[in-house]
Amino acid sequence: MGDVFVLAEHRQGVLREVTLEMLTRASGLVEKLGGETVAVLIGSGVDSFAEKLAGYSDKVLFVDDPLFTDYNSEKYQKVLAELIKKYNPGLVMIGHTTQGVDLAPALAVEMNLPFVTDVIDLEFVDGKLQPVRQYYQGKVNANFAFKAEPPYLITFREATVEAAEPSRQGKIEKVESPLKEEIGYRRFIEYVEAEVGDVDITQSEILVAVGRGIKEEKNMALIEELAKAVKADICGSRAATDAGWLSHDRQVGTSGKTVKPKLYIAIGISGAFQHLAGMKGAKTIVAINKDPDAPIFSVADFAIVDDLFKVLPKLTEKLKELRG
Amino acid sequence: MKTFVCIKRVPDTSEAEVKVDVTGKDVDSSRFSFDINDADNYAVEEAVLIKEAKGGTVQVVCMGPQEADVMIRMALAKGGDNAIRIDDPRINVLDPLKVARVLASVIKSQEFDLVLTGCIANDDGSMAVGVALAEELGVPHAAMVKKLVVEDGKVKAYRELEGGIAEVVEITLPAVITIQTGINEPRYAPIRGIREAQKKELKVLKIDDLGLAENEVNAASSLVELQKLYIPVVVSKAEVIEGAPEEKAEIMAAKLVKGGLL
Ligand SMILES: Cc1cc2nc3c(=O)[nH]c(=O)nc-3n(C[C@H](O)[C@H](O)[C@H](O)COP(=O)(O)OP(=O)(O)OC[C@H]3O[C@@H](n4cnc5c(N)ncnc54)[C@H](O)[C@@H]3O)c2cc1C
Ligand SMILES: Cc1cc2nc3c(=O)[nH]c(=O)nc-3n(C[C@H](O)[C@H](O)[C@H](O)COP(=O)(O)OP(=O)(O)OC[C@H]3O[C@@H](n4cnc5c(N)ncnc54)[C@H](O)[C@@H]3O)c2cc1C
């Protein structure tokens, strides 16, 4: 099929884990399909990343230029398009991350590439690659076939495979930047850190987490009572913070916080992968949801499939009673 | 400011059981309830806020069936000026790049400063249409924007990254911005607006009206093809608590306390 290109993702001096996850998956692919794994690193002052990536790939293509100090979709797109034209890989993998989805669709249109987003797995059917993705927030899986000739382009979901230990010694090949000067209509200004709140939920031992299932702000009272009974801090899904029931620093998930409490009680939360990513490391997870197919149950230790409004008052009452 | 906002009608499947139909390539949607896509609701609000602050127009674009007119009228009631709905069975709606091509052909034929889309559709979740649309239009973009400041001939967009960090970028107009939920507080449509919306123009177009050939947007022209849909096997290690609601509550409370989980 050709080589597998993996775009290295980094920000603020940190190489992001999704890069190593993709390289791990790519290694499995080339074992079956032939070709090499190629990490594509675009940046400035990131030599240490090139060395790290060499441990995970057959080759590192390193575009090292001050033009790429900060990520910029326009510049990345230009560089990737040139590299794809020059090296003609079989498959290009970009993380399905806030960076990847800001970049990949435009690249797919520009180069007219067969393109599938948010891929969670790559299967082989009759010797051909089939990307698997999901619909309806994880309730349905779909297999796709690429119809045209490679290169193919996918965005690959974070945390679907575990990064292996480094086991290669790829060669680092410096590539001259196809871009010679600043271009375009988009300029990076700065990063603004997330707001900090009164409670740091990443430090909480017990968390009661609330989702859209409680329907209305006034029902937060039920959550507060339960939290009081078990001395928990309150956090929530994005739906809960968007609705204004909680402040944004209490949001758990990819665009919020990653928490690892002793106990996490999820109430009326469906368990979108962006939420699961932030809480599946909790030691014990209790989920209350009336939908038996809710993905939250895939990570739960205790499942209560029922109407939260019927379960919560009694749960709180009983907990108070037992704890005196 | 001439703003376009793209909205999609989506099923609410957060509580519904999803079943694959007999073809194995579609789902049985007969029992779903539908609404405007979450992020698009915020995009409509953002467009109307910009119009209120800077003047100009808001045009609503939607590809979808006649049932989507309810959501379109709602966007018009909130402050949209007119709307275009594209409804044509020849379009391969399964392919986000085809959706983008169609939306682009609507917008391209007119003057525009700003195009707002949602950053993700709740149902299909490709996170692809907005950025692909920008490339089709040949204009810059910023994806997943949680704060937007409109300045003279440019915008400052706060892209929300992992961990809630914002990447601030400055973009020259015209541009496409994909809106993240939580950027504003979507209003309810005022009664008067709902009445007025009935009189606003809503054009329904086919690809021929857009100057698109069938082989640019049909299934045969797509470079990927759906092979099969199936319900994933979910492995759960969870202990399922049984009984009436109160019994479940009691059992769970006992487990938490006696199991030393608190
Ligand atoms: C780029 C990006 C980043 C994101 N980051 C995050 C993030 O950091 N954190 C996050 O949480 N989400 C994030 N999301 C959003 C995520 O995709 C989901 O939309 C969100 O998690 C849904 O929240 P929810 O589970 O509360 O709501 P829903 O998905 O609407 O689920 C509500 C649940 O409540 C249940 N329910 C309803 N009524 C009852 C009842 N009476 N009793 C019991 N159960 C009931 C339903 O069965 C349903 O499962 C992100 C999305 C994007 C695109
Ligand atoms: C089995 C199956 C069958 C399907 N059948 C149909 C069908 O019959 N009809 C149908 O319409 N779709 C259908 N779809 C949905 C279709 O696959 C997607 O809508 C399409 O690929 C666009 O991708 P997305 O919705 O994931 O967009 P995303 O990229 O996640 O959406 C981002 C934004 O793009 C804009 N946008 C997306 N779609 C539209 C639209 N239609 N009009 C205006 N703005 C839009 C919105 O602003 C949205 O917030 C089907 C999906 C599946 C899985």
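Residues numbered from 1 in each chain as written. Chains lettered and ligands numbered in written order. Predicted model: local features only at pLDDT ≥ 70, side-chain atom pairs only at ≥ 80, totals over all residues. Heavy atoms only, no water.

Time to look at the sheet that holds strand S9 (residues 128-135) of chain A. Reading across from one edge, S8(A)-S9(A)-S10(A)-S12(B) is the order of the four strands in this open sheet, with antiparallel pairing throughout. Both edges of this open sheet fall to strand S8 (121-125) of chain A together with strand S12 (224-230) of chain B, since each of them pairs with a single strand only. Ignoring strand direction, the axes of neighbouring strands in this sheet form an average angle of 35°. Bridging between strand S10 (residues 140-146) of chain A and S12 of chain B involves six bridges; their strand directions are antiparallel. (Pairing = 2+ DSSP bridges. Helix = DSSP H or I, 4+ residues; strand = E, 2+ residues; numbered from the N terminus. Axes fitted to C-alpha atoms, helices over the stretch in contact; angles between N-to-C directions.)

Residue and element names in this part refer to chain A. According to the domain assignment, chain A contains domain 1 (4-174) and domain 2 (201-322). Domain 1 and domain 2 are separated by 34 Å when their C-alpha centres are compared. Between domain 1 and domain 2, the contact holds five residues from the first and five residues from the second. Carbon and sulfur atoms supply 59% of the area buried between domain 1 and domain 2, which totals about 450 Å² over both sides. A per-residue breakdown of the area domain 1 buries against domain 2 is headed by Gln-137, Lys-139 and Arg-157, which together make up 69% of the total. Counting across the domain 1 and domain 2 interface gives one salt bridge. Of the charged contacts, one joins Asp-291 and Lys-139 as a salt bridge, the two residues approaching to 2.8 Å between their closest N and O atoms. (Domains from an automatic or database assignment. Contact = heavy atoms within 4.5 Å. Buried area = accessible area lost by both parts, 1.4 Å probe. Salt bridge = Lys/Arg side-chain N within 4 Å of Asp/Glu carboxyl O.)

Glancing now at the pairing of strand S7 (residues 141-151) of chain B. Residue and element names in this part refer to chain B. Among the eleven residues in S7, eight count as buried, and that is most of the element. In this structure, S7 lies alongside strand S10 (residues 175-179), joined through three bridges in parallel fashion. By the bridge assignment, Val-145 is partnered in S10 with Ile-179. Two elements, S7 and strand S8 (residues 154-160), share six bridges in a ladder whose sense is antiparallel. In the strand pairing of S8, Leu-148 is matched with Ala-157. Linking S7 to S8, which pair antiparallel, is a turn of two residues; within it Gly-153 sits at a positive phi near 70°. (Buried < 20%, exposed > 50% of the residue type's maximum accessible area, 1.4 Å probe, protein only.)

On to the site of ligand 1. Inspection of the region around ligand 1 gives 31 residues, with Ser-237, Val-252, Ser-255, Ser-270 and Asn-289 of chain A positioned closest. The environment around ligand 1 is built from residues contributed by chains A and B. Between ligand 1 and Gln-251 of chain A there is a distance of 2.8 Å, counted from an oxygen atom to a side-chain nitrogen or oxygen. A distance of 2.7 Å separates an oxygen atom of ligand 1 from a polar atom in the side chain of Asn-289 of chain A. (Near = heavy atom within 4 Å. Polar contact = N/O pair within 3.5 Å; in protein donor to acceptor, adjacent residues only side chain to side chain.)

Attention shifts here to the site of ligand 2. In the region of ligand 2, 28 residues are neighbours, and Lys-8, Asp-40, Val-93, Asp-124 and Ser-126 of chain B sit closest. At the site occupied by ligand 2, the surrounding residues belong to chains A and B. Cys-6 of chain B places a main-chain nitrogen or oxygen 2.8 Å from an oxygen atom of ligand 2. Interatomic distance of 3.1 Å between a side-chain N/O atom of Asp-124 of chain B and an oxygen atom of ligand 2. Expressed as a share of its isolated accessible area of 930 Å², the protein-covered part of ligand 2 is 88%. Those elements giving two or more residues to the shell around ligand 2 turn out to be strand S4 (57-63), helix H3 (96-108) and strand S6 (114-118) of chain B. (Areas by Shrake-Rupley, 256 points an atom, 1.4 Å probe, with all protein chains shown as cover.)

This part is about the pattern of salt bridges. Considering all chains together, one arrives at 48 salt bridges over all chains under this definition. Taken together, the shared-partner salt bridges connect Asp-102 and Arg-186 of chain A together with Arg-159 and Glu-167 of chain B into one network.

Each partner contributes to the interface: chain B provides 84 residues, whereas chain A provides 92 residues. Where chain B abuts chain A, roughly 7,500 Å² becomes buried across the two surfaces, and 58% of that area is made up of carbon and sulfur atoms. By the criterion of area lost to chain A, the three top residues of chain B are Glu-162, Leu-223 and Leu-262 of chain B, representing 10% of everything that side buries. Here chain B and chain A share eleven salt bridges between them. One salt bridge in this structure joins Arg-212 of chain A and Asp-38 of chain B, with 3.3 Å as the shortest N-O distance. Seen at the junction of chain B and chain A, the total is 43 residue pairs in polar contact (both at pLDDT 80 or more). Sorting the residues of the side of chain B that touches chain A by element identifies helix H1 (38-54), helix H4 (129-137), S7, S8, strand S9 (166-172), S12, strand S13 (239-240) and helix H7 (245-258) of chain B as the ones contributing at least two each. The element that contributes the greatest number of residues to the side of chain B that touches chain A is H7 of chain B, accounting for eleven residues. By residue class, the composition of the side of chain B that touches chain A is 48 nonpolar, 15 polar and 21 charged. (Nonpolar A, V, L, I, M, F, W, Y, C, P; charged D, E, K, R; others polar.)

Across a sheet, paired strands are connected by hydrogen bonds in the backbone, their directions being either parallel or antiparallel. Residues and elements named next belong to chain A. Read across the sheet, seven strands follow the order S7-S11-S6-S1-S4-S5-S12 without closing on themselves; strand pairing throughout is parallel. Of all the strands in the sheet, the pair left with one neighbour each is strand S7 (115-119) and strand S12 (171-175). Averaged over all neighbouring strand pairs, the angle between strand axes comes to 25°, with direction disregarded. Across five bridges, strand S5 (residues 59-64) lies against S12 in parallel orientation. Looking at the pairing, Val-63 lines up with Val-175 of S12. Packing of helix H2 (residues 47-54) onto the sheet brings it into contact with strand S4 (37-43), S5 and S12, and relative to S5 it is tilted by some 170°. Here helix H4 (residues 104-111) sits on the sheet and contacts strand S6 (91-95), S7 and strand S11 (152-156); the angle it forms with S11, its principal contact strand, is near 175°.

Right, let's get into the confidence of the model for chain B. Should pLDDT be low for a region, the predicted coordinates there are not to be read in detail. Summarising the model, chain B shows a mean pLDDT of 96, and 100% of its residues fall at 70 or more. In the predicted assembly, ipTM is 0.97 and pTM is 0.96. (pLDDT = per-residue confidence, 0-100.)

We now examine the environment of Lys-262 of chain A. For Lys-262 of chain A, the position within the fold is in the loop between helix H6 (238-242) and strand S16 (263-267). Accessibility expressed as a relative area gives 31% for Lys-262 of chain A, which makes it partly exposed. Remark: the alpha-carbon pair of Lys-262 of chain A and Ile-206 of chain A, spanning 56 residues in sequence, is separated by 5.9 Å. For Lys-262 of chain A, the residues in contact, after removing those within four places along its chain, are Glu-205, Lys-283 and Thr-284 of chain A together with Leu-261 and Leu-262 of chain B.

Along the chain, the position of Val-169 of chain B falls in strand S9. Under the relative-accessibility criterion, Val-169 of chain B is labelled buried at 1%. Distance from Val-169 of chain B to Asp-152 of chain B, taken between C-alpha atoms, is 15 Å for residues 17 residues apart in sequence. Filtering out sequence-adjacent residues up to four positions away, Val-169 of chain B remains in contact with Arg-186, Arg-187, Phe-188 and Ile-189 of chain A together with Ala-142, Val-155, Lys-156, Ala-157 and Arg-159 of chain B.

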